[in-house]
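Analysis of the macromolecular model
Okay, here's what each chain looks like letter by letter:
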Amino acid sequence: MKKTEPITSGQMASLFFAFLLGSAIINIPQPLIEAAKNGAWISVILANGGGMVLLTCIFYLYHEHPNLNFIDLFQFKYGKWLMIIISVPIILQLFIMLSYIIIDIGSFFTTSMMRQTPSYIFHFFILFVSALTVRSGIEVMARMFVLLLSYLIFFSIIVIILTIPFFHVEFLLPVLPDGIKPVLHGVYQNFGFPYVELILFSLLLPFVRKNDGKSLQKKMFSVLIIHGFLLILAVVCIIMAFGPLAGTLKYSLFQLARLINIREIITRIESFIGIALVVGSYMKATISLCILKELLGSVFQLKDKDILIFPITLISLLLSLTMFTNGLEFTEAVHVVYPLYTTVIVVLPLLFITIMTLIKGGNNR
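All of the points below concern the structure found in this document. Just so it is clear, the structure is predicted and the values come from calculations on it, not from any experiment. (Residues numbered from 1 in each chain as written. Predicted model: local features only at pLDDT ≥ 70, side-chain atom pairs only at ≥ 80, totals over all residues. Heavy atoms only, no water.)

Some thoughts on the overall build of the protein chain
Definition in use: Put simply, DSSP H or I for four residues or longer makes a helix, DSSP E for two residues or longer makes a strand, and each gets a number counted from the N terminus. Within these notes, the globule rule equals 2.2 Å times the number of residues to the 0.38 power, and the radius of gyration is based on C-alpha atoms. Relative accessible area decides the class of each residue, using a 1.4 Å probe on protein chains only: under 20% of the type maximum gives buried, over 50% gives exposed, and in between gives partly exposed. Residue contacts are defined here by distance: any two heavy atoms, one from each residue, within 4.5 Å place the two residues in contact. Shrake-Rupley sampling with a 1.4 Å probe provides the accessible areas, and residues are treated as covered by the protein chains on show and by no other component.
Scanning the protein chain from terminus to terminus reveals 15 helices and two strands. Over its C-alpha atoms the protein chain spans a radius of gyration of 20 Å, differing by no more than 12% from the 21 Å that the globule rule assigns to 365 residues. Dimensions of the protein chain along its principal axes, counting C-alpha atoms only, are 65 × 45 × 40 Å. Out of the 365 residues in the protein chain, the part that is buried amounts to 55%. Here the contacts in the protein chain between residues at least 6 apart in sequence split such that 84% fall between residues at least 24 apart. Summing over all exposed atoms, the protein chain offers an accessible surface of approximately 16200 Å²; the carbon and sulfur share of this is 69%.

This is how it looks when you write it as structure tokens:
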């Protein structure tokens, strides 16, 4: 079996956009506004800048060793045992991230759309469909996600346009009502989700065709900029629509869509946003499952990594059903613990291997 299944730089950029945007445009605004108040858009700019730094490190390593991801570099440079030490926390983080995505979908359905249906029904079907998608191959994923991503962006922008009459620009002021600390709190949250996670996505870069390496860098940086712009747009529009209540309304874009009622002809638009949330979460869950499969396959040096897909899916399903007893525990884990844990176990190894590669590269010259 081939080690890689090459795809184009455009397809990889599409997967990157789907991974970053996913459910972020719907899930991020409320907790971000709650933390940073009217300065939430500044937090997005700073967090996006941090993402640019991480992506720069990733592409430096990619150009130095195009056939290796940053985890493989630890084995290549420092041996198998250090690679395992670095990989184990990241594997646990990927399991946690995948479970969190599924928990969020179940929570959305049981609180907003289908309240009488048990959450495990949604957990099972989303994970099962994600597993089947990963088995179909990364090229099929990339082609399909272009259409799903278009749906997500289209309806998000339509909702923002149709709710313009509800906007109050004065709600944006003052920009820093409580000083800079809330903005930095927002940066902490937004950097941990989703920008730190782009390091995990880099584990898929060896799938790109070798002659597409240069164009890939431009496209992925462009995707990161566009993602930041869309997130800022969503945050600003939600603040203008809801004012002081913007930080209290969960699934803010879904709540924004509920305002739309044009002469009782254009109404119930929130159902499309609900579907967009599911679509975005499904795409991110699928890509996360693919990354986890690749990483575990590399650690165990398996020739056929696809045999891991359904065991990973089963473990993630069990985690999603047993990790939390109530929504408050889940909210605290996602917004307080998760950004710190992800930053420590993912960013620090990336910075270490980047600095060491720079030093050794400089010595070699």
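So much for the structure itself; the text now carries on.
Examining the side chain of Ser316
With respect to the helices and strands, the residue Ser316 is situated in helix α14 (residues 309–322). Not counting residues within four places of it along the chain, the set of residues in contact with Ser316 comprises Phe95, Leu98, Ser99 and Leu127.

Overview of the packing of helix α6 (residues 80–113) against helix α13 (residues 270–299)
This is how it is decided: Helix axes are fitted only over the stretch in contact, all axes being lines through C-alpha atoms; the angle between N-to-C directions runs from 0 to 180 degrees. Each angle gets one of four labels, with under 35 degrees taken as roughly parallel, over 145 as roughly antiparallel, 65 to 115 as roughly perpendicular, and the rest as oblique. For any helix crossing, the convention is left-handed if the near helix is rotated counterclockwise from the far helix by under a right angle, and right-handed if that rotation is clockwise.
For the pair α6 and α13, the least separation of the axes is 10 Å and the interaxial angle reads 160°. In this view, α6 runs roughly antiparallel relative to α13, as classed from their interaxial angle. Where α6 crosses over α13, the handedness of that crossing is left-handed.

Remarks on the nonpolar core
Here is the rule: As used here, the term nonpolar core means buried Ala, Val, Leu, Ile, Met, Phe, Trp, Tyr and Cys residues forming a set that is joined through side-chain atoms within 4.5 Å.
Judged by nonpolar contacts, the single largest core of 129 residues is most densely connected at Phe70 and Ile287. For Ile287, the contacting residues outside a window of four places in its chain are Leu15, Ala18, Phe19, Met141, Phe145, Phe201 and Leu204.

Considerations on a nonpolar patch on the surface
Keep this limit in mind: A patch is a set of surface residues, each over 30% in relative accessible area and not in a salt bridge, joined within 9 Å for like charges and within 5 Å for the nonpolar side chains Val, Leu, Ile, Met, Phe, Trp and Tyr. Should a side-chain nitrogen of Lys or Arg be within 4 Å of a carboxyl oxygen of Asp or Glu, the pair is scored as a salt bridge.
On the surface, Tyr120, Ile121, Phe124, Phe125, Phe128, Val129, Leu132, Phe310 and Leu321 cluster together to form a nonpolar patch covering roughly 790 Å² of accessible area. Mapped onto the nonpolar patch, the elements with two or more residues apiece are α7 (119–136) and α14. By secondary structure assignment, the location of Ile121 is in helix α7.

Section: the packing of helix α8 (residues 138–162) against α13
Definition in use: Charged residues are taken to be Asp, Glu, Lys and Arg, nonpolar residues to be Ala, Val, Leu, Ile, Met, Phe, Trp, Tyr, Cys and Pro, and polar residues to be all remaining types, Gly included.
As a packed pair, α8 and α13 sit with axes 9 Å apart at the nearest point and diverge in direction by 145°. As for the relative orientation of α8 and α13, their crossing is left-handed in sense. Residues Met141, Met144, Phe145, Leu148, Leu149, Tyr151, Leu152, Phe155, Ser156 and Val159 of α8 pack against Phe272, Ile273, Ile275, Ala276, Val279, Gly280, Tyr282, Met283, Thr286, Ile287 and Cys290 of α13. When grouped by side-chain class, the residues that make up the contact of α8 with α13 number 18 nonpolar, three polar and no charged.

Brief notes about the environment of Phe17
Considering the arrangement of structural elements, one finds Phe17 in helix α1 (residues 9–21). A residue is classified by how much of its surface remains accessible, and Phe17, at 10% relative accessible area, is buried.

Examining the pattern of salt bridges
Side chains that differ in charge, positive against negative, can pair when their charged atoms come close. The tally for this structure, following the rule as stated, stands at five salt bridges. Put simply, Glu139 and Arg143 hold a salt bridge, and the shortest N to O gap is 2.8 Å. In this pair, Glu139 and Arg143 both sit in helix α8, four residues apart, roughly one turn of the helix. Since its relative accessible area comes to 22%, Glu139 is described here as partly exposed. In this structure, Lys293 and Asp306 form a salt bridge, with 3.3 Å as the shortest nitrogen-oxygen distance. In this pair, Lys293 is assigned in helix α13 and Asp306 in the loop between α13 and α14, connecting sequence segments 13 residues apart. With relative accessibility at 6%, the residue Lys293 sits in the buried group. Ionic contacts of the salt-bridge type, sharing partners, join the residues Lys293, Glu294, Lys305 and Asp306 into one network.

Honestly, that's just the spatial picture; any functional story needs more than this.
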